[in-house]
Amino acid sequence: MLTIRLPRIGSVAAWRSEARRLAAAGVAAEHVRWTQDAENDLFARDDAPRGNPVEIRLSKQALFDIESSLYHRDPERFARAYALVLRLGRGEIRWGDRADDMLRKLLHQRKEVGRDIHKMHAFVRFNELTEPGANRRAFAAWFEPDNPIVEAAATFFAKRFGDMDWVIATPYLTARFIGGELAFEETVDNARPTEDASHDLWRTYYANIFNPARLMPEAMRSEMPKKYWKNLPEARLIPELIRTAPARAAEMQAKLPSIPPAFAAKAGVTRSPMPQDLTPDTFKQHLDACTRCPIGCRATQAVAGQGPLTARVMVVGEQPGDAEDLAGKPFVGPAGVLFNECASRAGLRRAETYVTNAVKHFKFTPRGKRRIHQRPDAGEIEICSWWLDLEREWVKPKLILAMGATAAQSLTGSSKNITSRRGSIEATPDGTPVLLTTHPSYLLRLPDTGAREAAQRQFEADLREASAYLR
Ligand code: URA
């Protein structure tokens, strides 16, 4: 038997390299014991026989599923995953073979992990711990997931709360995001933060956003299972909110006419026919008046594309950000600055390209004085593609550079993961080549310097490829 002891932090990466090493040495699954326990086994011997090497070759999907399943709490998960990759390597089963018990079990656990991560993203509640005079705000949260998922779940928080310091402690591990660096450590005893005044603030907020007219206790319970309630300060309000809901709904009804008419009118989504008499000169004016989806009702203005209509290369981003919404021009904020720098290094002269977005209004949620970017959904992308199609018709580019998943989806119709597609050329339904690349905002959000530099090199390589179409 050969004992493989995986670390508690970084166990998935460690499993991956051990699995490759053992498979290459032809060590059968039944001769390996996988553990994360720190027991002292001085007498453990490696007497596992070596056999024919097995080459592990996995599709992206298979690798994703297998590695996701390793965040499950089942102690057998590492052994099961190793046995499975050996069987796949030997061609004994195929990925997606639902009749195979081992594969079915792994996929079931991967699903449970996915659900658990989703719950963690939704239900973590931070306590503010900022010291007076500190230059970054600091927060802590305690959360009890069903599985040791904190490493898989934490990047979401790093992206969303990148300008704050925070700690999320769980019974398994603790994620710590300080000064923009994400790290993990063993959870110390008594990590659960104490109640403080920020809970009261949160409670007030929750009571205000709680919409009594939409009260659906069953749906609420299934979305927010009771076991999470004990760590949610707002949960204590729920019984009272439910009790008073009918009266508050009536009160809300009575207040409705006081909504300012301009906003109410703008917020009303209409599916009137698209204007027929459009020219590049009247484009912006029509865009500003678009009410085919609700995004526009909060935005300052629509942002049309910019650049010569004779451009051979069209660059498409996701949607205007905060700066673009105010300026009325695409890519003038931080993502635009990075794009300009990379483009000029790659020889892609911005003045010779037509730069636009898949969605023409800034979608955000207000948080205090800040406007937090929100990704447009599939329906919004679809609705807005009418405007983008019009720009494409006018420009007739030889190549479209799609930056990020939203642009890719709008132009190719496929919502498949952009990281696996970047650098490849696909096409619009009418046959225009679309070179897929990452979005510059994604580069700005990568917390690890090495990873950021590598991703930026790839991004510049894609821009260089696009620049060849300028001639
Ligand atoms: N991000 C985009 O996708 N477009 C912009 O115009 C700015 C930021």
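Refer to the preceding data block for the structure.
Thresholds applied
- Every chain begins its residue count from 1, and numbering advances along the sequence as written.
- This being a predicted model, a pLDDT of at least 70 is required before a residue's local features are given, and a value of 80 or more before pairs of side-chain atoms are given or counted; all residues contribute to the totals for chains, interfaces and linings.
- Remark: hydrogens and water are excluded; side-chain values derive from all non-hydrogen atoms of the structure.
- Think of it this way: any DSSP run of H or I at least four residues long counts as a helix, any run of E at least two long counts as a strand, and we number them from the N terminus.
- Burial here depends on accessible area, computed with a 1.4 Å probe over protein chains only, as a share of the maximum for the residue type. Under 20% is buried, over 50% is exposed, and the range in between is partly exposed.
- Whether two residues are in contact is decided by their heavy atoms, any of which lying within 4.5 Å being enough.
- Axis lines are fitted to C-alpha atoms, over the contacting stretch for helices. Their N-to-C directions set the angle, which ranges from 0 to 180 degrees.
- Angle categories are assigned with fixed cut-offs, so that under 35 degrees is roughly parallel, over 145 is roughly antiparallel, 65 to 115 is roughly perpendicular, and the rest are oblique.
- Crossings are classed by handedness, with left-handed meaning an anticlockwise turn of the near helix from the far one by less than a right angle and right-handed meaning a clockwise turn.
- Each residue is assigned to one of three groups, with Ala, Val, Leu, Ile, Met, Phe, Trp, Tyr, Cys and Pro labelled nonpolar, Asp, Glu, Lys and Arg labelled charged, and all others, Gly among them, labelled polar.
- Think of it this way: one heavy atom of a residue within 4 Å of a molecule or strand is enough to make that residue near it.
- The Shrake-Rupley method, run with a 1.4 Å probe sphere, supplies the accessible areas, and residue values consider only the shown protein chains as cover.
- Strand pairing requires that DSSP identify at least two bridges connecting the strands.

**Digging into the environment of Phe-177**
With respect to the helices, strands and loops of the structure, Phe-177 is situated in strand E6 (residues 173-178). For Phe-177, a relative accessible area of 2% corresponds to the buried category. Sequence-wise, Phe-177 and Pro-447 are 270 residues apart; in three dimensions their C-alpha atoms are separated by 9.7 Å. Aside from chain neighbours lying at most four places away, what touches Phe-177 is Arg-136, Ala-158, Phe-161, Gly-162, Met-164, Asp-165, Trp-166 and Leu-182.

**A short note on the packing of helix H14 (residues 378-395) against helix H15 (residues 405-412)**
The packing of two helices is summarised by the inter-axis angle and the distance between the axes. Put simply, H14 and H15 touch, their axes get as near as 9 Å, and they point 70° apart. As judged from the angle between their axes, H14 and H15 are roughly perpendicular. Where H14 crosses over H15, the handedness of that crossing is right-handed. From H14, Ala-378, Ile-381, Ser-385, Leu-388 and Arg-392 reach across to H15, where they touch Thr-406, Gln-409, Ser-410 and Leu-411. Looking at side-chain class alone, the contact of H14 with H15 contains four nonpolar, four polar and one charged residues.

**With respect to the site of the ligand**
What surrounds the ligand is the set Gly-317, Glu-318, Gln-319, Pro-320, Gly-321, Glu-324, Pro-330, Phe-331, Asn-357 and His-439. Protein chains shield 94% of the accessible area of the ligand, which is 240 Å² for the free molecule. A class-by-class count of the residues in the shell around the ligand yields three nonpolar, five polar and two charged.

**Some thoughts on the sheet that holds strand E9 (residues 353-357)**
A sheet is described by the order of its strands in space; here five strands give the open sequence E9-E8-E12-E14-E13, paired in mixed fashion. Looking at the sheet topology across the chains shown, the edges are occupied by E9 and strand E13 (425-427). Each adjacent strand pair in this sheet contributes to an overall mean axis angle of 30°, direction not counted. In this sheet, strand E12 (residues 399-403) lies alongside strand E8 (residues 313-317) in parallel orientation, the contact comprising four bridges. By the bridge assignment for E12, Val-316 is matched with Ala-402. Relative to the sheet, H14 contacts E8, E9 and E12, its axis offset from that of E9 by approximately 170°. In this fold helix H17 (residues 449-467) packs onto E8, E12, E13 and strand E14 (433-437), with an angle of close to 160° to the strand it touches most, E14.

On their own, these measurements won't tell you what the molecule is for.
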